[in-house]
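Close look at the chain arrangement
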Amino acid sequence: MSKFSDFAKTNPLGLPDFRKAAAAPKRSYAAASVVDRAYSAAAGTDFSKYDMTYYLKGALAGGICCSFTHGALCPVDVVKTRMQLEPEVYNKGMIGGFRQVIAGEGVGALATGLGPTVVGYFVQGWFKFGGVEVVKINATEALGEERAWELKTPIYLASAAVAEFIADIFLCPLEATRIRLVSDPSFADGLVGGAARLVKEEGVLVGFYSGLGPILLKQIPYTMAKFAVQGVAQDAIYKATNTDAATSSSGYNLAVSLGSGTIAGVAAAIISHPADTLLSKVNKAGAGGEGSIMVRLGRIAKEIGFYKLCTTGLGARCVMIGSLTALQFGIFDTVMLSIGASKFRFKSPEDLKA
């Protein structure tokens, strides 16, 4: 027995000595005394402040920024949509398109579809920006901040896709009404009249949701690129200038939002343009002939051709979406600041160090 005891004391398997662990003095795990961790609790995010009130503020800011920007750029959208719907007529570029619309229908034609645009994009912005905040904050809390920093681009992509899907369910009827009014100004006097006539003549499903497939194909990749590219561009700007959001002035942060938003908008416009062209076409009366929505979309795509599908009206859309996206991020940040909401930001390992 003594030989076995002596052999066991040599610890041939390298097991921990629990007797020493038991004899070790007790440690205090108060936030101020945790010295073995890479960062202190004080440097981490206090997730308790990201409650329903914060999410409602984010949704409100999103609704305001999307409604304002899309409404302000309604004239550009009118010309862009005409170029997509009738390229054989509106083929003189962006400036030429403005001149054609004004010469043929007057300046007021540039505001066609303003009502559906303002209402539709307020609803969409509410769910999109609010939804992105909900998903990314909860994902960060679940994963931990260091892991979330490593996965921030996938988090941006996933949160944008989920939020945009929900937003598009509400946007689609208003977008269908807008496109019908732009393609046929005599269709109705405004949002209420246009929506009522669509339902009366084509029913809810066909009238409002014929474009749901294209709008999902357009908006989900667009929003994923918009938030992911903006996040990457924003971090790159701060890194290149050796600054960070926490210590920079609100004016500087606004400038970063505008710059990164412009980059994100152009990238998102290029990615989503083919689906945007299909969406404009499919909501025009009689486009694609009879049959299911996918059959009609197939006919339209074949008729237009891949190159034109990707390039018709692209210049105008890059101008529109680039400036629109920059303004959206700038207005969102400004509104959040004005209503007392501290915007959530991912934290790098350096930010989390004690």
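The structure we're discussing is the one just above.
Below or above, wherever it landed, is the structure these notes cover. Values in this document were obtained by computation on a predicted structure and should not be read as measured data.

So, about the environment of Ala-268. Note on placement: Ala-268 falls in helix H11 (residues 250–282). Each C-alpha atom, one on Ala-268 and one on Thr-325, is 9.2 Å from the other, the two residues being 57 residues apart in sequence.

All right, on to helix H6 (residues 114–143) then. Along an α-helix, residues three or four positions apart point the same way, because every turn accommodates 3.6 residues. Across its 30 residues, H6 extends 42 Å between first and last C-alpha, which sits within 8% of the 44 Å expected from 1.5 Å per residue. In the stretch just after H6, Gly-144 is the one whose phi turns positive, near 95°.

Glancing now at a nonpolar patch on the surface. Side chains of Val-162, Phe-165, Ile-166, Ile-169 and Phe-170 sit close together on the surface and give an oily, nonpolar patch of about 420 Å² of accessible area. Relative to the helices and strands, Phe-165 is located in helix H8 (residues 152–183).

For the rest of this paragraph, the subject is the pattern of salt bridges. Applying the stated rule across the entire model yields 10 salt bridges. Close ionic contact of Lys-136 with Glu-133 constitutes a salt bridge, the shortest N to O distance being 3.1 Å. Residue Lys-136 and its partner Glu-133 are both found in helix H6; the two are separated by three residues, about one turn of the helix. A single burial state applies to Lys-136 and to Glu-133, both of which are buried. Its salt-bridge partner being Arg-197, residue Glu-201 comes within 2.6 Å of it at the nearest N-O pair. With Glu-201 and Arg-197 both in helix H9 (residues 191–209) and four residues apart, the pair spans about one turn of that helix. Taking the relative accessible area as the measure of exposure, Glu-201 reaches 48% and is therefore partly exposed. It is possible to trace a salt-bridge network through shared partners that takes in Asp-77, Glu-175 and Arg-178.

Mapped onto the secondary structure, Ala-264 falls in helix H11. Here the alpha-carbon distance between Ala-264 and Ile-321, two residues 57 residues apart in the chain, equals 9.0 Å. Ignoring any residue separated from it by four or fewer positions in sequence, one finds Ala-264 in contact with Lys-226, Val-229, Gln-230 and Thr-325.

This next bit is on the nonpolar core. Among the nonpolar cores identified, the biggest contains 34 residues, and Tyr-50, Tyr-54, Phe-129, Ile-137, Phe-227 and Phe-344 are the most heavily contacted of them. Put simply, the parts of the chain that give this core at least two residues each are helix H3 (52–72), H6, H8, helix H10 (212–240) and helix H14 (314–338). Of the residues forming this core, the biggest block, eight residues, is contributed by H8. Among all residues touching Phe-344, those that are not within four sequence positions of it are Thr-45, Phe-47, Tyr-50, Tyr-54, Glu-133, Lys-136, Ile-137 and Thr-140. Membership of the second largest hydrophobic core comes to 11 residues, among which are Val-76, Ala-268, Leu-314 and Met-320.

Applying the stated rule across the entire model yields 14 aromatic pairs. On the numbers, 5.2 Å between centres and 65° between planes, the contact of Phe-129 with Phe-227 is edge-to-face. Placement of the pair is Phe-129 in helix H6 and Phe-227 in helix H10, with a sequence separation of 98 residues. In this pair, the class of Phe-129 matches that of Phe-227, namely buried. Here a set of aromatic residues connected by ring pairs shows up, and it is made of Phe-47, Tyr-50, Tyr-54, Tyr-55, Tyr-156, Phe-344 and Phe-346. Taking NZ or CZ as reference, Lys-152 lies 3.6 Å from the ring centre of Trp-149, over its face. Here the basic side chain of Arg-180 rests over the ring of Phe-187, its NZ or CZ set 5.3 Å away from the ring centre.

So, how was this worked out
Residues numbered from 1 in each chain as written. Predicted model: local features only at pLDDT ≥ 70, side-chain atom pairs only at ≥ 80, totals over all residues. Heavy atoms only, no water. Helix = DSSP H or I, 4+ residues; strand = E, 2+ residues; numbered from the N terminus. Expected span 1.5 Å × (residues − 1). Patch = residues over 30% accessible without salt bridge, like charges linked within 9 Å, V, L, I, M, F, W, Y side chains within 5 Å. Areas by Shrake-Rupley, 256 points an atom, 1.4 Å probe, with all protein chains shown as cover. Salt bridge = Lys/Arg side-chain N within 4 Å of Asp/Glu carboxyl O. Buried < 20%, exposed > 50% of the residue type's maximum accessible area, 1.4 Å probe, protein only. Contact = heavy atoms within 4.5 Å. Core = buried A, V, L, I, M, F, W, Y, C linked by side-chain atoms within 4.5 Å. Phe/Tyr/Trp six-rings, centres within 6.5 Å; stacked < 30°, edge-to-face > 60°. Lys NZ or Arg CZ within 6 Å of the ring centre and 35° of its normal.

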